[in-house]
Amino acid sequence: MSGQTDMILVDKKGMRIDGRKTDEHRPVHIEAGVLSNADGSAYLEIGKNKVLAAVYGPRECHPRHLQDPTKAIIQCKYNMEAFSVSDRKRPGPDRRSIEISKIIAEALERVVLTELYPRASIDVYIEILQANAGTRCAGLTAASVALADAGIPMRDIIPAVAAGKADGHVLLDLNKEEDNYGQADVPLAIVPSTDEIVLLQMDGNMTRKEFDKALDMAFGACHEIYEIQKTALKERYAVSKEDDGDE
Ligand code: ADP
């Protein structure tokens, strides 16, 4: 987020460098149940982002001092692979990945019925295989599908997407160039059945009017992504039924 203003990121016709309109998100593809050794899993692409999410649990929480006698805890690990960005990323946790793990776990705690599993841990692993801005939203969207795939009782599943500002325009779902040279980025995650906000951050600056517009765009896109999440879960179930029939 440099705020550099001499970059042309939106042309005179309102078209962005990757051919999208200002209010268009990148193509989203989600597949549920891609890993056989995890309790639940999902693979997600949004534009050039590629994300794998795996869920284990509910299982006995270790280390034991983290156990909560009233509910399960959600332990989330967001990790960007060394090969996920063009310059090799130093492997292992850093301040950014610790922060993202924390906000994703907090968002998921709002929908998972953790009170059903006292002393347990639900472990969520998010691996960013390829990054192109918007990975915290992509990771949370994939993790929600993986939790549902694991059969963990939830009030709803969470879709997430960012909106922001680049080249003076309010844009939906910023890509890497727009994020790098843009003026603001606002990741949003919601509970679609109630429109409750479970994650909202802001990097950079925009006016109140621009912020409202960005939020509006992101809300609309979250509802679209929600439909894709549900379709992925339904397809997973259809495939399982076919498999059962073969046996
Ligand atoms: P998000 O991925 O949620 O948008 P950031 O705004 O922190 O989170 O990062 C924006 C993008 O910057 C990432 O998606 C990734 O493409 C790139 N990026 C983040 N951290 C690194 C890093 N350590 N090395 C190279 N690129 C990075």
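In this report, the structure presented in the accompanying data block is examined.

Rules used in this analysis
- Residues numbered from 1 in each chain as written.
- Predicted model: local features only at pLDDT ≥ 70, side-chain atom pairs only at ≥ 80, totals over all residues.
- Heavy atoms only, no water.
- Helix = DSSP H or I, 4+ residues; strand = E, 2+ residues; numbered from the N terminus.
- Rg over C-alpha atoms; globule rule 2.2 N^0.38 Å.
- Buried < 20%, exposed > 50% of the residue type's maximum accessible area, 1.4 Å probe, protein only.
- Contact = heavy atoms within 4.5 Å.
- Areas by Shrake-Rupley, 256 points an atom, 1.4 Å probe, with all protein chains shown as cover.
- Core = buried A, V, L, I, M, F, W, Y, C linked by side-chain atoms within 4.5 Å.
- Pairing = 2+ DSSP bridges.
- Axes fitted to C-alpha atoms, helices over the stretch in contact; angles between N-to-C directions.
- 1 Å grid on protein atoms, 1.4 Å probe; cavity = no way out; pocket = protein on both sides within 12 Å on 5 of 7 lines; lining within 4 Å.
- Points joined across faces, edges and corners; volume = space filled by probe spheres on them.
- Nonpolar A, V, L, I, M, F, W, Y, C, P; charged D, E, K, R; others polar.
- Near = heavy atom within 4 Å.
- Polar contact = N/O pair within 3.5 Å; in protein donor to acceptor, adjacent residues only side chain to side chain.
- Sits in = over half its atoms within 2 Å of the grid points.

Before going further, it helps to spend a moment on the overall build of the protein. When helices and strands are counted, the protein shows four helices and 10 strands. Its C-alpha atoms give the protein a radius of gyration of 18 Å, within 12% of the compact-globule value 18 Å for 247 residues. Per-residue burial over the protein gives 49% buried out of 247 residues. Once local pairs closer than 6 in sequence are excluded, the contacts in the protein between residues at least 24 apart make up 67%. Accessible surface computed for the protein: about 12500 Å², of which carbon and sulfur atoms make up 50%.

To continue, consider the environment of L215. Among the secondary structure elements, L215 is positioned in helix α4 (residues 208-246). Residue classification places L215 among the buried residues on the basis of a relative accessible area of 15%. Distance in space between the C-alpha atoms of L215 and A163 is 7.0 Å, their sequence separation being 52 residues. When residues no more than four places from it in sequence are discounted, the contact partners of L215 are L188 and L200.

This part takes up the nonpolar core. L108, I122, V124, I126, L140 and L147 are the most contacted members of the largest nonpolar core, which has 66 residues in total. Broken down by element, this core gets its largest block of residues, 11 residues, from α4. Residues within four places of I126 in sequence aside, it is in contact with V51, L52, A53, C76, K77, Y78, N79, I104, G139, L140 and A143.

Read from one edge of the open sheet, five strands run β1-β2-β3-β5-β4, paired in mixed fashion. Edge positions in the open sheet fall to β1 (28-32) and β4 (73-80), since each of these has one partner strand only. Within this sheet the neighbouring strands show an average axis-to-axis angle of 15°, counted without direction. Sheet topology places β1 next to strand β2 (residues 40-46); five bridges connect them, and they run antiparallel. Within the sheet, the bridge partner assigned to H29 lies in β2 and is E45. Against the sheet, helix α1 (residues 95-109) engages β4 and β5 (120-130), with an angle of about 140° to β4.

For the rest of this paragraph, the subject is empty space enclosed by the protein. If you walk through the whole model with that rule in mind, you get one cavity of 30 Å³ or more. Each pocket or cavity is described by its volume, and for the largest cavity that value is around 70 Å³. Taken together, 13 residues form the lining of the largest cavity, with I46, G134, C137, A138 and A160 sitting closest to its centre. Contributing elements (two or more residues each) for the lining of the largest cavity: β2, α2 (135-149) and β6 (160-166). By residue class, the composition of the lining of the largest cavity is nine nonpolar, two polar and two charged.

Around the ligand lies a shell formed by M80, V85, K89, R96, A131, N132, A133, G134, T135, R136, K176 and D179. In this structure, R96 approaches the ligand through a side-chain N or O atom, which is 2.7 Å from an oxygen atom. Within the side chain of T135, a nitrogen or oxygen atom sits 2.5 Å from an oxygen atom of the ligand. Coverage of the ligand by the protein chains reaches 76% of its 540 Å² of free accessible surface. According to the grid-proximity analysis, the pocket containing the ligand is the largest pocket. Residue assignment for the shell around the ligand shows that the elements contributing at least two residues are α2 and α3 (176-181). Split by residue class, the shell around the ligand holds four nonpolar, three polar and five charged.

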